Amino acid sequence: MKSNPGHAAIWLAVVLCGCERPGSPTPAASVTNAPSTPIPSAPRTAAEPWFTRLEPSSGLDFRHSSGQSGRFWFPENESGGVGLIDYDRDGWLDVFCVDGGALDPLRPLPPRHRLYRNLGDWKFADVTVAAGLECPDGYGMGCAVGDYDGDGFADLYVTQLGSNRLYRNQGNGTFADVTAKAGVAVNSWSTSAAFVDYDGDGHLDLLVANYVRWSPGKEQECFSSGGRRDYCGPKSFAAPLPPSLFHNRGDGTFSDVTEAAGLTRAYGNGLGVATGDFDHDGRIDLFVANDAMANQLWLNQGAGRFVDDALLRGCGLNTVGIPRAGMGVVAVDLLQRGWLDLFVTHMVGEGHGLFLNQNGLFTDSISPDGPMMGSLPSTGFGVAFADFDLDGELDLYVANGRVRLDARVRSESDPYAEANTLLRGRGQGRFETVSPAGGVLPEILGTSRGMAVGDLDRDGTLDLVVIEKDAPVTVLRNRVGKGRHWVQFELRDRAGREVRNAVLRLVDDKRIQWRQHQPNEGYCSSQDPRTHFGLGTRGEPVRLQVRWPDGKAEEFPSLPVNQLHRIQAGKGLPGAGWFDW
Amino acid sequence: MTSSTQSRRTAPAAAPRRWRVWGSGIAMLLLVGWGASFLTHRAPLLPVARPAQSATLDPQVRAYVEQLASLVEADPRHPAKRATLGLAYAANGLWAEARQTFLDAARLDPTQPLAPLYAAVAREELGDVAGAQPEFRLLTEQHPAFALGWSRLGDSALRTGDLPLAETAFDQLVRLAPTEWRGPAGLGEIRLRQGQPAEAIRWLEQARGLDPAARGGVYLLGQAYRAVGRTNEARLTVGVGGNESRQPMPDPWSEQAPIHMRRLPDQLAQAEELANQGRPDLGVALLQQAHQFHPNHPGLTVQLAVALNRAGQAAQAVPLLDRILQSDPESIAARIARSHALAQLGQGQAALTEAQAATALDPRLAQAHLAVANALLAREMDQEAVESLRTAAACDPRNGEIHLEIGTVLWRNLADLAGAHAHFLQAVELAPALPRATAQLGLLQLALGQRGAARESLARLQVMAPGSPEAAELTHALKQP
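Residues numbered from 1 in each chain as written. Chains lettered and ligands numbered in written order. Predicted model: local features only at pLDDT ≥ 70, side-chain atom pairs only at ≥ 80, totals over all residues. Heavy atoms only, no water.

A separate point is the packing of aromatic side chains. The geometry of an aromatic ring pair is captured by two quantities: the separation of the ring centres and the angle between the planes. According to the stated counting rule, one finds 24 aromatic pairs over all chains in the structure shown. An angle of 75 degrees between the planes, with centres 4.9 Å apart, marks the rings of A:F381 and A:Y523 as edge-to-face. Of this pair, A:F381 sits in strand β25 (residues 380–386) while A:Y523 is found in the loop between β36 (512–517) and β37 (531–536), placing the two residues 142 residues apart along the sequence. Both rings, one in B:F102 and one in B:W253, keep their centres 5.9 Å apart while their planes meet at 20 degrees; by these two values the pair is stacked. One end of the pair, B:F102, is in helix α5 (residues 95–108); the other, B:W253, is in helix α14 (residues 252–256), with 151 residues separating them in the sequence. Considered together, B:F102 and B:W253 belong to a single accessibility category, that of buried residues. Within the aromatic cluster, the residues linked to one another by ring pairs are A:F74, A:W189, A:Y211 and A:F237. (Phe/Tyr/Trp six-rings, centres within 6.5 Å; stacked < 30°, edge-to-face > 60°. Helix = DSSP H or I, 4+ residues; strand = E, 2+ residues; numbered from the N terminus. Buried < 20%, exposed > 50% of the residue type's maximum accessible area, 1.4 Å probe, protein only.)

With that settled, consider the packing of helix α7 (residues 129–142) of chain B against helix α8 (residues 147–160) of chain B. Residues and elements named next belong to chain B. In contact at an axis separation of 9 Å, α7 and α8 are set at 150 degrees when each is read in the N-to-C sense. With respect to their mutual orientation, α7 and α8 come out roughly antiparallel. Note on packing geometry: the crossing formed by α7 with α8 is left-handed. Listed contacts from α8 to V129, Q133, F136, R137, L139 and T140 of α7 are G149, W150, R152, L153, S156, A157, R159 and T160. Among the residues forming the contact of α7 with α8, the class breakdown is six nonpolar, five polar and three charged. (Axes fitted to C-alpha atoms, helices over the stretch in contact; angles between N-to-C directions. Parallel < 35°, antiparallel > 145°, perpendicular 65-115°, else oblique. Left-handed = near helix turned anticlockwise from the far one by under 90°. Contact = heavy atoms within 4.5 Å. Nonpolar A, V, L, I, M, F, W, Y, C, P; charged D, E, K, R; others polar.)

Another point: the pattern of salt bridges. Residue and element names in this part refer to chain A. Overall, the coordinates contain 54 salt bridges over all chains when judged by the stated rule. Ionic pairing is found between R424 and D389, a salt bridge with its closest N-O pair at 4.0 Å. Of this pair, R424 sits in strand β28 (residues 421–427) while D389 sits in the loop between β25 and β26 (395–400), and the two are 35 residues apart along the sequence. Since its relative accessible area comes to 22%, R424 is described here as partly exposed. Residue E432 is joined to R426 by a salt bridge in which the shortest nitrogen-to-oxygen separation is 3.9 Å. (Salt bridge = Lys/Arg side-chain N within 4 Å of Asp/Glu carboxyl O.)

With that settled, consider the sheet that holds strand β33 (residues 474–478) of chain A. All names here are of chain A. Across the sheet, four strands lie side by side as β2-β33-β32-β31; this open sheet has antiparallel pairing. Where the open sheet ends on each side, the last strands, each with one partner, are β2 (51–53) and β31 (448–454). With strand direction ignored, the average angle separating the axes of adjacent strands in the sheet is 25 degrees. As defined by bridge partners, strand β32 (residues 463–468) adjoins β33 across three bridges and the pair is classed as antiparallel. In the sheet register, L464 faces β33, and the bridge partner there is L476. (Pairing = 2+ DSSP bridges.)

So, on to unusual backbone geometry. Residues and elements named next belong to chain A. Here the residue pair S435 and P436 is connected by a cis peptide bond, since its omega of 0 degrees sits within 30 degrees of zero. Mapped onto the elements of the fold, P436 is located in the loop between β29 (430–435) and β30 (445–446). Unusually for a residue other than glycine, F72 sits at a positive phi of about 55 degrees. In this structure, F72 sits in the loop between β2 and β3 (81–85). Its identity as a non-glycine residue notwithstanding, A303 has a phi of 55 degrees, on the positive side. Note that A303 resides in the loop between β19 (296–302) and β20 (305–308). A relative accessible area of 84% places A303 in the exposed class.

Further remarks concern the sheet that holds strand β22 (residues 341–344) of chain A. Residue and element names in this part refer to chain A. Taken together, four strands build an open sheet; the order of strands is β21-β22-β23-β24 and the sheet is antiparallel. Looking at strand neighbours, the two that pair on one side only are β21 (329–332) and β24 (361–365), the edges of this open sheet. Here the strands of the sheet are splayed against their neighbours by 20 degrees on average, with no regard to which way each runs. In terms of strand pairing, strand β23 (residues 353–358) meets β24 through five bridges, oriented antiparallel. Looking at the pairing, F355 lines up with D364 of β24.

Below, the structure written as structure tokens:
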């Protein structure tokens, strides 16, 4: 350069013009198309972390294993669920963690599902063996908790690749594997499941989402960015499976009514299930969130028949007709007006989907301060709306973790790791990001899958259990709700059996809150079987109005707060007008 | 400026005129040389972005991007070469490298709006949609007549729910590119989200008029019809418009992107698409090139054999498949492909045996039963073929094309019009966006004397595939007495 004065003059001119020196690397911040105005950031709540992590010394020492073999077998990428179950009816929620296992036929390992008995004071004991829950085979995915035989003890259904398992709670601290007798094995690749009384006969039926027809022989080589070896997605297999619907005969057995109910007429790669009366016709409908295919909304026609109307009703695809990767799903009345919306977690770049229910028709709603805010960079699985800070508004927690490699690596030890998401509800479907991400420090950086919300320490605030792939379980203890008021409900029918899909309307002088009681939702997980409301600083008794699944409405006036109430059908005051459908 | 400087210079009085001319010429040459040198070297000398984990890349991708990166290194100030490398990175999912390379290309040629556009697209692809949006906004400020920038800005704003920004963007797009359907479709989507379905219908019908094949707009129209209670139209329209993939507004660079794809799944999809477009030979060439990098990849080898079958080169497919089956006798895909190859080569019995072997390996696999049906049809065993097709349909009950095939065999080979009618109806129900199904149903309805029903089928066809050969065939048939 010095030998050429002409060049020197030119470079000087360049420098005077404000250009950069030649040969210098491009600083990322000085791009030619940098934003001209500051990027408006989403509202953010910065305060103390909402949760603290439970120490490993608590005894809840579950560690999930996907059995990853380096061969990128597809099921390794999807495993991991958790169920909250008070199996011994001592009032403390116990924790059932679903393991993967190992798929390698040369080194097969059965899944090490684990049941932890809650001893109180944040101590847990592994009671798996004593409870008879050791699983001999299969590859674990998730679970659903429900009292299918109406004996008052919560039973456990475990979904797997291979035979699913139905464990009947024998009421003495042990379970019996009644899969074969009950006829609910499926023997496929099941993911999420829900106990739901779709025909209103008082017995909990069983809906099971099935994913992909898979075997090691069908595995393919798949690649991510730049052709790096990676996990395949469901499209590579082109082998979706219909869900399974089992009708509870009431004698401890089920009949497979999938085909008779019409559920084989449309299906996709099912990962999530949600249930509820979405069209207010008095019958419980079924929703299946599919991965990379259109979702199904199975509208209950009565007489055991269902018709999929997701496309027309607007909850099958995104707003412009594109299928997304549906993972976890919840039915939630986000606007608190008596209609169940659907919130589905999706893959990076898609954004989570809120299907807002307007008189039985859904709109794929996207707003800058909606529950999908900030979700585009993440891949969501477990999901729950719950009032963590007890301010009377639903907050949102999403367990994130990639299914594919990409350029942004957050953790050297786990290239699929992402931070979880916590949003604080501001009411009317508006949210703000809570900092730190996921509500805890240090943030959870893992490949999170299933997740369950429940009051583990009976203090009226909601805690969290998150399953991360190939990592120890994370238990988050709520510290944000302290000092505020709450109320919880356990619902029973006239015969004292567990009730599902009742609609609760809680009235105080400040607001009306709506909930649907259905713990089997999210991703491969089962939530607190009790229905929880935060009440803020208000400590006066509340009024509860219930629409039972048979359509009858009752009111339970003047219920004291800060306690759990057992609400039984027929014990309230008859009422009308609150549920106009 | 040069000449005026010269004219003001006072020449020595004794200097001959020719020296003045020579002097002027030399000065001019020097200035031109400096100018050329300035133009050549004023662009900064930027390093070439290379993949961070090159060793883990697919060998074909690695070879391709390294080749292009070397070309850029040889000519580092060439913006077009830099942009081509960026496209190659993007087409192979290397978005971080693509973004840096597009940013570099934008610095090398600040007048080219596509480079910053693609840098922002790469940022979106890296998951930072919110961060990309201001870049699109800046691009539209710097290049206000650049319709693509407005289109991307509108899409981005819709994704983040910023409806006022989206409206501004799509208004501009409508103004700048009045024949582009995405402008009115975007405005229609905004109106729909704002709860104004009647207004949305006006925009979305306009979008459909501009491009009836643009399914994303058609799906939105269905949602708008539904919102105003036009349920029957809505049901048809969402069925036709749904399940589309995302299609941003095309540009000269995006049209080049497929030629840079070197990842196996993309190449397999390209080969399939080429075959569907009637150019299976190009698909074969593509996969043969990939096969050189992955000679032992069973999936690719089988797909190459399938492509050879489709290109009428079954004789070349058979040895490839034999090699696969030697190492993995239980490869169902290889057996199915071999069955099709043998049928094509006129070896009907061998084709049937091979297909039956595939069904034995997985009795629930529809493709295996389809291969049996294919072998049976080749031997003119039509009734037996229908049974196999029915088994295939039972294995894959959502597949409308199988019912279309059953209907076709029943009608054309077995003269069972009533049976064919039932299967065509099922095909249309299961595959509402498949023009062939609706067209065949319409033709059969004509054969059955159901002219009214055939006209309804044509109306449906004109919604889903106006101007298609299927629509033309049915239209022509309806004109016959």
